[in-house]
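Listed here are the chains, written in short residue letters.
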Amino acid sequence: MNACYDSHVMAVSTDVIGKTYPATTYAVGREKIREYALAVGETDPLHLDVDAARAAGYDDVVAPPMFAVVYAMPAVAGALFDPEVGIDFARLVHSGQEFTWGPLVIGGDEIATTASVGDVSERAGNGFYVFESVSVNKRGEIVCAGTWSNIVRAA
Amino acid sequence: MALSPGDELAPLKVTPDKYLTVRYAGASGDFNPIHIDADFAAQVGLPGMILHGLYSMAQVARALTDAGGGPGALRRLSVQFRGMGLPEHELTVTATVRAVDDGVAVVDATCEQCGRAIIRKAEAQLRVAG
């Protein structure tokens, strides 16, 4: 007799919990900060005007805190697209996000981000995937730690 | 700036234009077609191209930094995404100070559109003077 196969049971792989990915490095450019700041509607001249940023004591324009998305996403994408994690993108929902920030990121900085799989679990056929990211500047300071929560909805 | 428990920060209102999701995709690097391709969005049963959750979260962050002393004041922000935001409808971010302790204000915030929360249970920590 053949073993039963229930196609509604999602096979979440908990083996990947704790898996850490190679760091990605992001060179923070002045115009990229300005592009991002304009897209999200920032009006603070610290993000847009080099002279204003310098007058306030910074070497270049200041990245808005949520610019963390730009420098950390490449690392997190490595985890998100990992075949061993096995996310079904057609049913993926970004359910929650947390960032904790350290020193400000300034144009000219280089940020190294390491991502890892924080948790994988399953409830009622839904898969829950939590990724962690830690982003560090050239001085070794943690500029941002992120927790990226995703749900893969039941088929 | 001084903040006390119960204070409401100035609400932030913004109406993302029709092409906002395309600009945000380019600025952020998130080109998921549900945000930038109306045909694809319709195929997967969405009411239209939807806003990036992280764009809406950026509006919450902006409300906090605008009201609370600039980009360096925001120490932590945690959100839950609920529902879907759409371009061409006004977003409203409201935020209320829950507690102030040791120079850090804990602030609760939401982001609503058309009377529904698209971000709820946002919780922030803002550095405040004294």
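Residues numbered from 1 in each chain as written. Chains lettered and ligands numbered in written order. Predicted model: local features only at pLDDT ≥ 70, side-chain atom pairs only at ≥ 80, totals over all residues.

K.L.:
Break down the overall build of chain B for me, with residues and values.
P.N.:
Broken down by element type, chain B carries 4 helices and 5 strands. Each helix and strand of chain B, placed in order from N terminus to C terminus, yields the pattern β-α-α-α-α-β-β-β-β. With the C-alpha coordinates of chain B rotated into their principal frame, the extents come out at 50 × 30 × 20 Å. Of all 130 residues assigned to chain B, the portion counted as buried reaches 39%. Contacts in chain B between residues at least 24 apart in sequence constitute 64% of all its contacts with a sequence separation of at least 6. (Helix = DSSP H or I, 4+ residues; strand = E, 2+ residues; numbered from the N terminus. Buried ≥ 20, exposed ≤ 12 C-beta atoms within 10 Å, placed from the backbone. Contact = placed C-beta atoms within 7 Å.)

K.L.:
Run through the pairing of strand E5 (residues 142-152) of chain A, naming residues and quoting values.
P.N.:
Residue and element names in this part refer to chain A. Where strand E2 (residues 92-101) and E5 come together, 9 bridges link them in antiparallel fashion. The residue of E5 that forms the bridge with Glu98 is Thr147. Sheet topology note: the strand E4 (residues 126-136)/E5 ladder contains 10 bridges and is antiparallel. Each bridged residue has a counterpart across the sheet, and for Phe128 the counterpart in E5 is Ile151. Joining the antiparallel neighbours E4 and E5 is a turn of 5 residues, in which Gly140 adopts a positive phi near 80 degrees. (Pairing = 2+ DSSP bridges.)

K.L.:
Lay out the environment of Lys121 of chain B in plain terms, naming residues and giving numbers.
P.N.:
Within the secondary structure, Lys121 of chain B sits in strand E5 (residues 116-127). For the pair Lys121 of chain B and Phe31 of chain B, spaced 90 residues apart in sequence, the C-alpha to C-alpha distance is 26 Å.

K.L.:
Lay out the interface of chain A and chain B in plain terms, naming residues and giving numbers.
P.N.:
Facing 24 residues of chain A, the contacting portion of chain B comprises 26 residues. Those elements giving two or more residues to the side of chain A that touches chain B turn out to be helix H1 (30-39), helix H4 (68-80) and E2 of chain A. Per element, the largest residue contribution to the side of chain A that touches chain B is 8 residues, and it comes from E2 of chain A. Across the side of chain A that touches chain B, the residue classes tally to 14 nonpolar, 6 polar and 4 charged. Sheet topology note: the E2 of chain A/strand E2 (residues 74-81) of chain B ladder contains 5 bridges and is antiparallel. (Nonpolar A, V, L, I, M, F, W, Y, C, P; charged D, E, K, R; others polar.)

K.L.:
Break down the sheet that holds E2 of chain A for me, citing the residues and quoting the values.
P.N.:
Strands sit in the order E1(A)-E3(A)-E4(A)-E5(A)-E2(A)-E2(B)-E5(B)-E4(B)-E3(B)-E1(B) across an open sheet of 10 strands; the sheet is antiparallel. With partners counted over all chains shown, the strands left at the sheet margins are strand E1 (24-27) of chain A together with strand E1 (12-14) of chain B, one partner each. Direction aside, the axes of adjacent strands within the sheet are offset by 20 degrees on average. Judged from the 4 bridges that link them, E1 of chain A and strand E3 (residues 110-123) of chain A form a sheet pairing that is antiparallel. Within E3 of chain A, the position partnered with Tyr26 of chain A by the bridge is Ile111 of chain A. Contacting E1, E2, E3, E4 and E5 of chain A, H4 of chain A crosses the sheet at an angle of about 50 degrees to E3 of chain A. (Axes fitted to C-alpha atoms, helices over the stretch in contact; angles between N-to-C directions.)

K.L.:
Any chance you could break down the environment of Gln125 of chain B for me, citing the residues and the numbers?
P.N.:
Residues and elements named next belong to chain B. With respect to the helices and strands, Gln125 occurs in strand E5. Overall, the presence of 19 C-beta atoms within 10 Å leaves Gln125 in the partly exposed class. Put simply, Gln125 and Arg76 are 49 residues apart on the chain and 5.0 Å apart in space, counted from C-alpha to C-alpha.

K.L.:
Talk me through H4 of chain A; I want residue IDs and the actual numbers.
P.N.:
Residues and elements named next belong to chain A. Between its first and last C-alpha atoms H4 spans 17 Å; for 13 residues at 1.5 Å apiece the expected length is 18 Å, and the two agree. For H4, the principal kink sits at Pro74 and spans about 40 degrees. What H4 keeps buried is the set Ala68, Val69, Val70, Tyr71, Ala72, Met73, Ala75, Val76 and Ala79. (Expected span 1.5 Å × (residues − 1). Bend = angle between axes of the 7 residues up to and from the residue.)

K.L.:
Tell me about unusual backbone geometry, and name the residues and values.
P.N.:
Residues and elements named next belong to chain B. Phi at Glu88 is positive, roughly 70 degrees, even though this residue is not glycine. Judged by C-beta crowding, with 10 C-beta atoms within 10 Å, Glu88 ranks as exposed. You will see that Asp102, though not glycine, has its phi angle at about 55 degrees, which is positive. Along the chain, Asp102 falls in the loop between strand E3 (91-101) and strand E4 (104-113). Assessed through the 5 C-beta atoms surrounding it within 10 Å, Asp102 is described here as exposed.

K.L.:
An account of the pairing of E4 of chain B is requested, with residue identities and associated values reported.
P.N.:
Residue and element names in this part refer to chain B. The two faces of E4 differ: Ala105, Val107, Ala109, Cys111 and Gln113 on one face are buried, but Val104, Val106, Asp108, Thr110 and Glu112 on the other face are not. Note: E3 against E4, 10 bridges, orientation antiparallel. Residue pairing in the sheet places Thr94 in a bridge with Thr110 of E4. The antiparallel hairpin formed by E4 and E5 contains 2 residues in its connecting segment, where Cys114 sits at a positive phi of about 50 degrees.

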